[in-house]
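# Working through the structure, step by step
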Amino acid sequence: MPAPEVSAEALAARLSALGLTTRVLAHTRHTSIEAEVPETLPAETWREVLEVLAQADRFGLLATSLGDRTLWAAVYKRSPRHATSGDPAISDRS
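Since the model is a prediction, treat every value here as computed from it, not as a measurement.

### Regarding helix α2 (residues 43-53)
Among the residues of α2, those classed as buried are T45, V49, V52 and L53. One side of α2 carries all its buried residues, which in axial view fall inside an arc of 95 degrees. Next to the buried residues of α2 lie α1 (4-17), β3 (58-63) and β4 (69-76).

### Digging into the pattern of salt bridges
All chains considered together, the criterion is met by three salt bridges. For R23, the salt bridge is made with E34, and the minimal N-O distance between the two is 3.0 Å. Taken together, the residues R23 in strand β1 (residues 21-26) and E34 in strand β2 (residues 30-36) connect sequence positions eleven residues apart. On the basis of relative accessibility, which here comes to 31%, the residue R23 falls in the partly exposed class. Owing to a relative accessible area of 6%, E34 belongs among the buried residues under this scheme.

Calculation rules
Chains are numbered independently. Their residues run from 1 in the order of the written sequence. Per-residue local features of the predicted model are confined to residues with pLDDT of at least 70, and side-chain atom pairs are confined, for both listing and counting, to 80 or more; whole-chain, interface and lining totals are unaffected and use all residues. The side-chain numbers reported here are obtained from all heavy atoms of the structure, hydrogens and water having been left aside. Buried, partly exposed and exposed residues are distinguished by accessible area as a fraction of the type maximum, computed with a 1.4 Å probe on protein chains only: under 20%, between the cut-offs, and over 50%, respectively. To qualify as a helix, a DSSP run of H or I must reach at least 4 residues; to qualify as a strand, a run of E must reach at least 2; elements of each kind are numbered from the N terminus. This arc describes the spread of directions from the helix axis toward the C-beta atoms. We call two residues in contact whenever any of their non-hydrogen atoms come within 4.5 Å of each other. Take a side-chain nitrogen of Lys or Arg and a carboxyl oxygen of Asp or Glu: if they are within 4 Å of each other, that pair is a salt bridge.

From the geometry alone we can't say anything about function, so treat these as descriptive.
In structure tokens:
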């Protein structure tokens, strides 16, 4: 299994290849990938994006009332089976 940082970089590269601007952030317990979602994104691209995100340990979409949308994905630095659902690193965006 590749190191979490390598997996995160690979996910970011695949999302970039789909036209999304990504950033990779290192955290204590995970590495995160974030990508701003343009206002219009074709359905086929959404399907491809979801296929990429499915490779992460967790992923989601943040949407604001202003219409901003940010995809996020997390790759744990330890085995996901050892992470707890209350793990603060999962949602820590700092």
